[in-house]
Structure formats: C-alpha cells, structure tokens
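Structure at a glance
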Amino acid sequence: MSLSTKVTSEPQGRRPTPVPSPQYASNGLDVWTMMNQVAASVNAVNLGQGYMSYPPKEFITRAAQSALEENTHNQYAPPRGRPGLLEQVGIHFANRLSRPIDASTELSIHAGANEALLSVFTAFLEHGKGQEVILMEPAFDQYTPNIIMSGGKPVYVPLRVQSADKDPSKDVISSHDWKLDMDELEAAITENTRIIVVNTPHNPVGKVFTREELEQIGAIAARHNLLILADEVYEHLTFGVEHISIATLPGMWERTVTVGSAGKMFGVTGWRVGWSVGPAELIQPTLSAHTRIVFTSNTPLQEGVASAFKQARENDFLNVQCQEYERRRNRLMAIFDDVGLPYVVPDGAYYMLVNAAAIKIPSDYDFPAFIEERGANFKLVYFFIKEFGVSGIPPTEFYSEPHKHLANDYIRFAFCKTDEGLDEAAKCLQSLKRYLKETS
C-alpha cells in the first residue's frame, strides 16, 4: 500500500454525540452555586455556605507563607503525607483518642476531608455487588455521590424531632431533640450493608451524639460486622457538651476510620487538607484508594498545617476559637429571637436550623422555574433571600426524596461570619416581621 493512501474506518455522516453518565448528565446548578447566585443578585448578607467571611489568624497564614519559601515544599509529598504533618496529626489524635497513634501506618493525609471520605468508600465498596452504606439524614450532600461513584448504594435513616412538650414551628428546641431511632437504624441493615456513617458534631443539625447514642450505634455495627466511618470535621466546635469520638469506645477502634479537616479546624476551607485515622488494616486500603484518586495532597499547605498544629497547642487556639464561635452562635440566636422565628440550638459545628413555618409567602409570588421545580423548601429560601436580603441553604438538599418533607419549614444558616455581617443580617431581618402569620 502506498504511504499516500488514506485509510479510514470512519462511518459516513456525523458521529453520534457521546452520552454522559446519567448521574452527571444534568446541567442544573448545585445548591451552593444556585443560592450564592440568588444572594448576589440582591447583594444579600451571605449566611448560606459554610465558609468563613473573616481571615484566618495570622500565625496560620504565616505558616503557609513560610512553607512556600522552602523549595522542597513545592514538590510532590509522599502519598501518605508529609512527615511533619503526620507527626502533628498523630499527636492530636493520641490526645483525642487516648491511645498511641503510629503515624507511619495509622494515618493518611488527604486533599480535604471530602477526599478522605471518598477514599474510604472507594476502598471498602465494590462495584456491581449492591453494597450499602447507612446515612443518617439530614446528611452532608457529598456522601451520596461519593458512595454511588464508589459503586455503593446509600440507605437513609432520618433523625426525627422528639420533643414532647414543644412545637418546633413555634418553640426553640435543642439539637439534642433530634433523635436516631435505633430500631429503625437496625431495620435498615441488610446482608449487603458494609458501612455506617456517623457525623458528630452534625451538619446541619448541630447535634453532638451522646456516649449512650454512640454506644448503641457501635453495638449495632459490631453485631453486623460493619465499618464505621466517623466524620468528625467539627470535633473542635462544641458548646457546653462533650464531643466523644466513637473510636474511643470499647471495641470500636478496630472497626472505625475517623476523618478530620484542617479547613474546619483552622478556618482555611480553601486549603483542602484533611486526614483519616484508624487501625493500619483500615488505613492501608484507604491510602491505596487515595493514591489512585489524587496521588497526593499539596505539599506547602501540609507544612503550613503542621506548623499551625504546633502553634495552636502553644497559644490555646482551639479553645479560644470555640469561645468565639459560641459568641457568634449566641448572636445569631438573639437575632432570630428578636424577629420571632424559632430555631434549633446547635450544640456543635457552626450552623443553625431556623424554622420559618411562620413566614407567609404571598400566594401570587413569582418564582423562577429553576426554583419552582425544586419544591417548597427552595421557594421558602428564595423568598427569604429576595425579600429580606439574607441568604441561607435549603436543608431538603440534605435529604433523600422520601424524607424531604421533614425539612420543608427549615432554613440552614452559618454563623462562621464577621460581627459586621451578623449585625447587617439583624437589620435586614427586621423586614420579615410583616410576613409573620398570626398565631393563636
């Protein structure tokens, strides 16, 4: 055959367009982008997404800046993580879990806590086997897609408000009033169940699970030989209650991977540095999955976090920061007390659920199609942003379809914001009083 002869097997006519996976075929906006865009359209005070609207402490940013000046810190880190950060996270968890931690086998550094979660799911779920993961709703919205990407099937068990003498639409309630029915949890377990996810302190409820609750969950996990994935990214933010790591309970270390976040701990959510800790036989497959997902986490910010850990122990940063968050929480509660909307008092994390059932939306109010199609809770939040100039997040996004009705009256607000931002929100919310329904 002549070298100039053109050989082609292309079919005649136009090739069909490649078809994306159904999971990612939609061009709809995620809830965070959607509500941020609505907020920007009216220059609303953003209490929606959980990012800090104030800068990190100087010693934290200075640690990252110093790391960048060292050339070796600008090259690949080992997949498991930089030795300095492994050492510091090991010290932290040795204190937290009251046990020695071998940083060379029982820890892995990740590109944020979300990637740590994905690595655990990837490591312990198999495609095509129908393996299941139990999620407690409301559940952080990254859990479900992470499980599906890993070949698993999410199974949902909701927390339910149990307060005999209070009406959540009229009365302030505690995050402790949101209870997990242990019989319902165990009934959801099948021969295909592999993992239970335990998020404490909880996003978005603010619930901090008690020792008794964790013991009951642990006993169920042990009976069915399940892995526990403990999402404890808000471990350092509790208000008047004790955070207990489920891995500290008898027999639980051996079946638990605990995930944490530098972004949440040090107020640097854009750094994307997280970690997983557990027995070597659980961390090794997690590390193997991490190595194939991202290979390694960014080097200079690992060094920055390592330095921040050291300095935080010297300047009592975590305790001081917790007090600052509690003050912000109390400010946000006072704001909603003033305007007459009840809420869920969070015992941990930096979110608050506000019950807005008392808001009367005019029957002829014009909602755009992209809001109308998402249901009553999205309409409530959209109205709140447009009319009152304060943005939140619709918590139905944290529920599966059968349980969305449990959150229809709520709006999630974040209080990791400046005093000036909270003061501005207080002024804006004065206008909602004229929309309150009359109560008997």
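So, here is what we can say about the structure in this document. Starting from 1, residues in each chain are numbered consecutively following that chain's sequence as written. Note on the predicted model: pLDDT of at least 70 is required for a residue's local features to be given, and 80 or more for side-chain atom pairs to be given and counted; whole-chain, interface and lining totals, by contrast, use all residues. Heavy atoms from the whole structure form the basis of all side-chain values; hydrogens and water molecules are not counted.

1. Side note on empty space enclosed by the protein
What counts here: Definitions used for this entry: grid spacing 1 Å over protein atoms alone; cavity, a set of points where a 1.4 Å probe fits but cannot get out; pocket, an open set with protein on both sides within 12 Å along at least 5 of 7 lines; lining residue, one with an atom within 4 Å of a point. Grid points are joined across faces, edges and corners, and a volume is the space filled by probe spheres set on the points. Residues are grouped as follows: Ala, Val, Leu, Ile, Met, Phe, Trp, Tyr, Cys and Pro are nonpolar; Asp, Glu, Lys and Arg are charged; all remaining types, including Gly, are polar.
Inspection of every chain in the model, using the stated rule, returns 1 cavity of 30 Å³ or more. Roughly 50 Å³ of internal volume is contained in the largest cavity. Lining the largest cavity are Met136, Pro138, Ala139, Phe140, Tyr143, Val197, Asn199 and His202. Of the residues assigned to the lining of the largest cavity, the class counts are 6 nonpolar, 2 polar and no charged.

2. A few points about the environment of Arg62
Going by this rule: Secondary structure is summarised from DSSP: a helix means a run of H or I of at least four residues, a strand means a run of E of at least two, and numbering begins at the N terminus for each. Working definition: with a 1.4 Å probe on protein chains only, accessible area under 20% of the residue-type maximum means buried, over 50% means exposed, and in between means partly exposed.
By secondary structure assignment, the location of Arg62 is in helix H2 (residues 58-68). Relative accessible area serves as the criterion here: at 38%, Arg62 is assigned to the partly exposed category. Taking the C-alpha atoms as reference points, Arg62 and Ala306, 244 residues apart in sequence, are found 12 Å from one another.

3. Here we look at the layout of surface pockets
Roughly 740 Å³ of volume is contained in the largest pocket. What lines the largest pocket is a set of 30 residues, among which Asp30, Asp141, Pro145, Arg374 and Glu397 lie closest to the centre. Secondary structure elements with two or more residues in the lining of the largest pocket: helix H1 (31-41), strand E3 (132-137) and helix H5 (143-149). It is H5 that contributes the most residues to the lining of the largest pocket, 6 residues altogether. Taken together, the residues of the lining of the largest pocket break down into 15 nonpolar, 8 polar and 7 charged. By volume, the second largest pocket is sized at about 520 Å³. As for the second largest pocket, its lining consists of 23 residues, and the residues nearest its centre are Phe140, Tyr234, Lys264, Arg272 and Tyr351. Counting residues per element, the lining of the second largest pocket draws most heavily on helix H4 (residues 113-124), at 3 residues. A class-by-class count of the residues in the lining of the second largest pocket yields 10 nonpolar, 8 polar and 5 charged.

4. Quick notes on the nonpolar core
Basically, it comes down to this: To define a nonpolar core, start from buried Ala, Val, Leu, Ile, Met, Phe, Trp, Tyr and Cys residues and group those joined through side-chain atoms within 4.5 Å. Here a residue-residue contact requires only that any non-hydrogen atoms of the pair lie within 4.5 Å.
Formed by 108 residues in total, the largest nonpolar core has its most connected members in Ile217 and Phe336. The greatest single-element share of this core, amounting to 8 residues, is contributed by helix H13 (residues 376-388). Those residues within four positions of Ile217 in sequence are excluded, and the remaining contacts are Met136, Leu180, Met182, Leu185, Ile196, Val198, Phe209 and Ile246. If you look at the next biggest cluster of nonpolar residues, it comprises 28 residues, including Leu85, Leu107, Phe309 and Ala312.

5. A look at the packing of aromatic side chains
The condition that has to hold: Pairing of aromatic side chains requires ring centres within 6.5 Å, counting the rings of Phe and Tyr and the six-membered ring of Trp. Pairs whose planes differ by under 30 degrees are stacked, by over 60 edge-to-face, and all others tilted.
Applying the stated criterion to the full structure yields 22 aromatic pairs. Each ring, one from Phe239 and one from Phe415, has its centre 6.3 Å from the other, and the planes form 50°; the classification is tilted. In this pair, Phe239 sits in the loop between strand E9 (227-231) and strand E10 (256-261) while Phe415 sits in the loop between strand E15 (410-414) and helix H14 (419-429), placing the two residues 176 residues apart along the sequence. Judged on exposure class, the residue Phe239 and its partner Phe415 are both buried. Judged by centre distance (5.6 Å) and plane angle (55°), the rings of Phe384 and Phe413 are tilted.

6. Examining H2
Under the convention used in this document: This arc is built from the directions going out from the helix axis to the C-beta atoms.
Along H2, the positions that sit buried rather than exposed are Phe59, Ile60, Ala63, Ala64 and Ala67. Around the axis of H2, the buried residues are gathered within 140° of arc, so they sit on the same side. Contacts from the buried residues of H2 go to helix H8 (262-266), helix H10 (299-315) and helix H11 (317-339).

7. Let's talk about the environment of Arg313
Take Arg313: it is sitting in helix H10. Its relative accessible area of 40% is what places Arg313 among the partly exposed residues. Put simply, Arg313 and Glu373 are 60 residues apart on the chain and 49 Å apart in space, counted from C-alpha to C-alpha. Arg313 has contacts with Gln88, Ile91 and His92, leaving out every residue within four places of it along the chain.

8. A closer look at unusual backbone geometry
Leave glycine aside and you will find that most residues have negative phi; peptide bonds, for their part, are mostly trans. Residue Pro138 is reached from Glu137 by a cis peptide bond, and omega for that bond is 0°. Summarising the element assignment, Pro138 is placed in the loop between E3 and H5. Here Asn203 and Pro204 are connected by a cis peptide whose omega angle stands at 15°. Not every positive phi belongs to a glycine, and Asp316 is a case in point at roughly 60°. Mapped onto the secondary structure, Asp316 falls in the loop between H10 and H11. On the basis of relative accessible area, Asp316 is assigned to the partly exposed category, the value being 39%. Residues other than glycine seldom take positive phi values, yet Ala349 does so here, at roughly 65°. Its location among the elements puts Ala349 in the loop between strand E12 (344-345) and strand E13 (351-355). For Ala349, a relative accessible area of 0% gives the class buried.

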